[in-house]
Amino acid sequence: MDRDDRDDPFGDFFEEIERMMNEVAGNGHGTDDAGFGSETHVDAYATEESVRLVADLPAVSKEQLSLQCDGEALTISAASDRREYDETVELPATVDERSGEATFNNGVLEVEFERDDDSASIDVV
């Protein structure tokens, strides 16, 4: 449909909606890139006892998720027929990676770890 956009105050609005719809449909630029990119939002919170990470993972199922933690960073991976995701998030504090508990519900991943603030002492000889 051709229209005269010179006096249309909603022209930019409709172009942005079309761009977003193309991204959702997989027709946008950069959809073949690895990583979650702008599709996802990840937050990490630290308390005195724990570190909690919350990630929005649209179009990912629980069966596709894989999580790996080394105590300082959490790597979130997911593979589907169309894409592979791989995102490493630096944690705000050192954690006991074996204490991790994760839930995934409606595209929202929540992972919680106990903090590991114990530092090893080194004997000088």
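Residues numbered from 1 in each chain as written. Predicted model: local features only at pLDDT ≥ 70, side-chain atom pairs only at ≥ 80, totals over all residues. Heavy atoms only, no water.

**Student:** Where do I start with the sheet that holds strand S5 (residues 84–90) in this structure?
**Tutor:** Adjacent strands of a sheet form backbone hydrogen bonds with each other and so pair up, either parallel or antiparallel. Strand order in the open sheet made by the three strands is S3-S4-S5, with antiparallel pairing throughout. Strands with a single pairing partner mark the edges of an open sheet, and in this sheet they are strand S3 (65–69) and S5. Ignoring which end each strand starts from, the neighbouring axes of this sheet average 15° apart. Bridge analysis of strand S4 (residues 73–79) against S5 gives seven bridges, and the strand direction is antiparallel. For alanine 73, the partnering residue across the bridge sits in S5 and is glutamate 90. (Pairing = 2+ DSSP bridges. Helix = DSSP H or I, 4+ residues; strand = E, 2+ residues; numbered from the N terminus. Axes fitted to C-alpha atoms, helices over the stretch in contact; angles between N-to-C directions.)

**Student:** Would you mind showing me how to read the sheet that holds strand S7 (residues 108–115) here?
**Tutor:** Reading across from one edge, S1-S2-S7-S6 is the order of the four strands in this open sheet, with antiparallel pairing throughout. Lying at the two open borders of the sheet, with one neighbouring strand each, are strand S1 (42–46) and strand S6 (95–105). Along the sheet, successive strands turn relative to each other by an average axial angle of 15°, direction set aside. Relative to S7, S6 runs antiparallel, the two sharing seven bridges. Looking at S7, one finds that aspartate 96 is bridged to glutamate 114.

**Student:** Explain a nonpolar patch on the surface here, please?
**Tutor:** A cluster of nonpolar residues, Phe13, Phe14, Ile17, Met20 and Met21, forms a patch on the protein surface that exposes about 490 Å² of accessible area. Residue position: methionine 20 is located in helix H1 (residues 11–24). (Patch = residues over 30% accessible without salt bridge, like charges linked within 9 Å, V, L, I, M, F, W, Y side chains within 5 Å. Areas by Shrake-Rupley, 256 points an atom, 1.4 Å probe, with all protein chains shown as cover. Salt bridge = Lys/Arg side-chain N within 4 Å of Asp/Glu carboxyl O.)

**Student:** Can you walk me through the pairing of S4 in this structure?
**Tutor:** Remember that side chains alternate between the two faces of the sheet whenever the strand is regular. The pairing of S3 with S4 spans five bridges and is antiparallel. When the sheet's bridge partners are listed, leucine 67 is paired in S4 with isoleucine 76. Between the antiparallel neighbours S3 and S4 lie three residues, among them glycine 71 with a positive phi of about 100°. Where S4 folds back onto S5 in an antiparallel hairpin, the turn is made up of four residues.

**Student:** How do you make sense of the pattern of salt bridges when you look at a structure like this?
**Tutor:** Opposite charge on two side chains permits pairing when their charged atoms draw close. Summed over all chains, the structure comprises one salt bridge. Here arginine 52 makes a salt bridge to glutamate 110, at a shortest N to O gap of 2.5 Å. Remark: glutamate 110 occurs in strand S7 and arginine 52 occurs in strand S2 (residues 50–56); sequence separation between them is 58 residues.

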